[in-house]
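Inside the fold
Below are the chains, spelled out letter by letter.
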Amino acid sequence: MLAKVYSGSIIGLEVVPITVEVDIATQGLPSFQIVGLPDKAVEESKERVRAALKNSGADFPAKRITVNLAPADLPKEGPAFDLPIALGILLASGQLVADLSKTLVFGELSLDGSINSARGTLLLAGAAKEKGFDTLVLPSINAAEAMVVDGLTIIPAQSIKEIFDHFAKISEIPPVKKIKFEFKDTELEEFDMKDVKGQEQAKRALEIAAAGGHNVLMRGSPGAGKTLLARTFPSILPRLTFIEAVEMTKIYSVVGSVEEGLVRTRPFRAPHHTASSVGIIGGGTNPRPGEISLAHRGVLFLDEFPEFPRSVVEALRQPLEDGFVVVSRANSSAKFPAKFILVAAANPCPCGYFGDPTKNCTCLPGQVSRYQKRLSGPILDRIDIFLDVPAVKTKELINIPTGESSKLIRTRVQKARDLQSRRLKKLNLVANAEMNSRQVKELCNLDEEGKTLLAAAINKFQISARGYVRILKVARTIADLDNSKGIKTKHLAEAIQYRARETN
């Protein structure tokens, strides 16, 4: 007898519908075969399914069982096919009679018949709705994540026996009810700007970066406070929107890191400079998102930026420019979103004290030059704000009063971001940093005085065309923080100041 159960396979952030066909033949020696390019985890599901059915009180047919995962030319991976295979065997053997033609099923089985969590729940739920399924059977632990998608009947189960009893009309599993998601307040962040002594110019620059989504490079000696500023930065970011939360949850769902249905806070990712290119950019045999995608709609902090491998730094070009990364492999390719704010920190030289007024640099001139040249022009061109972070003197460190709190700064950032959201709504953008050259030309107009000032700055500091566009974006953000409809000369002058430091 032949039975069909429907599931899905995740490639990148896309879902390919998979038909799990189970045939139980009365002729031939007893066997259990899975075909359709299964990987090792799928192959091992034979033993998990066999034990789970027996330990749940069902009969495992001592016949020739063939499972086909169609389409057969697509590689399948992961243990999420356990549950549809087990249901297919129950249907094909006549132990269960049910119509699952409009039901999508996935989940990993334990040997005792319980159902473990599975990766990619939100993606599979979205695909189920798009493909016309009306019911989703999934592990109960993943139910909250699936509730983000409207229009589906979600059946959460803790065991294969629960599902059997549900479809056999013995005891029904109540479908989950949709709940309202509330986002965590960033006041709960561990760090607060009021605890950062001094560095008022750096705080101002980070406020601008948070308001417009701009990339930042901080340079300074060890102990100046670069890392503290970077770790405090998330506390002044604007509120997370529902659409942004869904985008982030899809990424974290693929790597199995969703715990509360939706990712509710902006991510802060800080990979070490020894991390591999695949770990940061993404990749693998079956492409997986890297750190830049896990930082989507949040912050990617790269401390000791020049120490990262050249290949990794140069690979950041596309995501910094386009907001996504394409990972290509021989048998597949995947596109991952990567709209993050880059906050990078660098020392001025290998020892860290080149130009420091209190400590002597021990590096040779050639070492300093080579170290500073590790960051190429194309990468520096993609950074909006350059900051010098000098060390705070001990006397000032003790006597400086407490500064503005993150809550107060975030209020101004949120107002500026709201202005941008209304202005950029028709373009499907959320921040000034996302504008392309044409949009900048339309929305960042200058008066004659501003044009003269910008032309002089371009000639003096040898600013590239990309740098010119980024100056206008930053100036537009500064104007938004000032609640100004147009870009004034003072806004432009401050933006040029942050760009001019690139040449220092």
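Residues numbered from 1 in each chain as written. Predicted model: local features only at pLDDT ≥ 70, side-chain atom pairs only at ≥ 80, totals over all residues. Heavy atoms only, no water.

1. Some details on the sheet that holds strand β17 (residues 341-346)
Ordered in space as β11-β14-β17-β10-β18, the 5 strands form an open sheet in which the pairing is parallel. Of all the strands in the sheet, the pair left with one neighbour each is β11 (268-269) and β18 (385-388). Two strands pair when backbone bridges link them, and strand β10 (residues 216-219) and β17 are joined in this way by 4 bridges, in the parallel orientation. If you follow Leu217 over to β17, its bridge partner there is Ala344. Helix-sheet contacts for helix α7 (residues 200-212) involve β10, β17 and β18, and the interaxial angle to β18 is about 165 degrees. (Pairing = 2+ DSSP bridges. Helix = DSSP H or I, 4+ residues; strand = E, 2+ residues; numbered from the N terminus. Contact = heavy atoms within 4.5 Å. Axes fitted to C-alpha atoms, helices over the stretch in contact; angles between N-to-C directions.)

2. What to know about helix α19 (residues 448-461)
When the terminal C-alpha atoms of α19 are compared, their 20 Å separation across 14 residues agrees well with the 20 Å that a helix rising 1.5 Å per residue should span. Residues of α19 that are buried sit in contact with α20 (465-481) and α21 (489-500). Following α19 by one or two positions, Gln462 adopts a phi angle in the positive range, close to 55 degrees. (Expected span 1.5 Å × (residues − 1).)

3. A word on the packing of aromatic side chains
Scanning all chains against the criterion turns up 4 aromatic pairs. Plain terms: the ring middles of Tyr6 and Phe133 are 5.8 Å apart, the flat faces sit at 50 degrees to each other, and that makes the pair tilted. Within this pair, whereas Tyr6 is found in strand β1 (residues 2-11), its partner Phe133 is found in the loop between α4 (121-130) and β8 (135-139), the two being separated by 127 residues in sequence. Using a relative accessible area of 23% as the deciding quantity, one classes Tyr6 as partly exposed. The ring of Phe324 has Lys335 lying over it, and the distance from NZ or CZ to the ring centre is 4.3 Å. (Phe/Tyr/Trp six-rings, centres within 6.5 Å; stacked < 30°, edge-to-face > 60°. Buried < 20%, exposed > 50% of the residue type's maximum accessible area, 1.4 Å probe, protein only. Lys NZ or Arg CZ within 6 Å of the ring centre and 35° of its normal.)

4. As for the packing of α7 against α21
Packing of α7 against α21 leaves a shortest axis separation of 12 Å and a crossing angle of 105 degrees. By the angle between their directions, the pair α7 and α21 is classed as roughly perpendicular. Where α7 abuts α21, its residues Gln201, Arg204, Ala205 and Ile208 lie against Glu494, Gln497 and Tyr498. Within the contact of α7 with α21, the residues separate by chemical class into 3 nonpolar, 2 polar and 2 charged. (Parallel < 35°, antiparallel > 145°, perpendicular 65-115°, else oblique. Nonpolar A, V, L, I, M, F, W, Y, C, P; charged D, E, K, R; others polar.)

5. Some remarks on the pattern of salt bridges
Under the definition given, this model contains 28 salt bridges. A salt bridge links Glu244 to Arg266, with the shortest nitrogen-to-oxygen separation between them at 3.0 Å. Taken together, the positions of Glu244 in helix α9 (residues 242-254) and Arg266 in the loop between α9 and β11 put the pair 22 residues apart, joining distant regions of the chain. Exposure remark for Glu244: the relative accessible area of 4% places this residue in the buried category. (Salt bridge = Lys/Arg side-chain N within 4 Å of Asp/Glu carboxyl O.)

6. Brief notes about the state of the cysteines
Applying the stated criterion to the full structure yields 0 disulfides. No disulfide involves Cys363; its sulfur sits 3.6 Å from that of Cys351, the nearest cysteine. (Disulfide = S-S within 2.5 Å.)

7. Description of unusual backbone geometry
Residue Ala70 is joined to Pro71 through a cis peptide bond whose omega torsion reads 5 degrees. The backbone of Arg297 sits at a positive phi, close to 65 degrees, despite the residue not being glycine. As for its position among the elements, Arg297 is in the loop between α11 (291-294) and β14 (299-302). Located in the positive-phi region is Glu304, a residue other than glycine, with phi close to 55 degrees. If you trace the backbone, Glu304 turns up in the loop between β14 and α12 (310-315). Overall, the relative accessible area of 25% leaves Glu304 in the partly exposed class.

8. Section: the environment of Ser110
Considering the arrangement of structural elements, one finds Ser110 in the loop between β6 (108-109) and β7 (115-116). For Ser110, a relative accessible area of 18% puts it in the buried group. Note: C-alpha distance between Ser110 and Gly486 (376 residues apart in sequence) is 62 Å. In contact with Ser110, not counting residues within four places along its chain, are Arg48, Ala52 and Asn116.

9. Some words on the side chain of Ser9
With respect to the helices and strands, Ser9 occurs in strand β1. For Ser9, a relative accessible area of 4% corresponds to the buried category. Apart from the residues lying within four places of it in its own chain, the contact partners of Ser9 are Glu14, Val15, Val16, Ile18, Leu74, Pro75 and Phe81.

10. Focus on the packing of helix α2 (residues 45-55) against helix α3 (residues 82-92)
The interhelical angle for the contact between α2 and α3, taken along N-to-C directions, is 55 degrees, at an axis separation of 10 Å. Between α2 and α3, the interaxial angle falls into the category oblique. The chirality of how α2 crosses α3 is right-handed. Of α3, the residues touching α2 (which contributes Ser45, Arg48, Val49 and Leu53) are Asp82, Ile85, Ala86, Ile89 and Leu90. Of the residues belonging to the contact of α2 with α3, the class tally is 6 nonpolar, 1 polar and 2 charged. (Left-handed = near helix turned anticlockwise from the far one by under 90°.)

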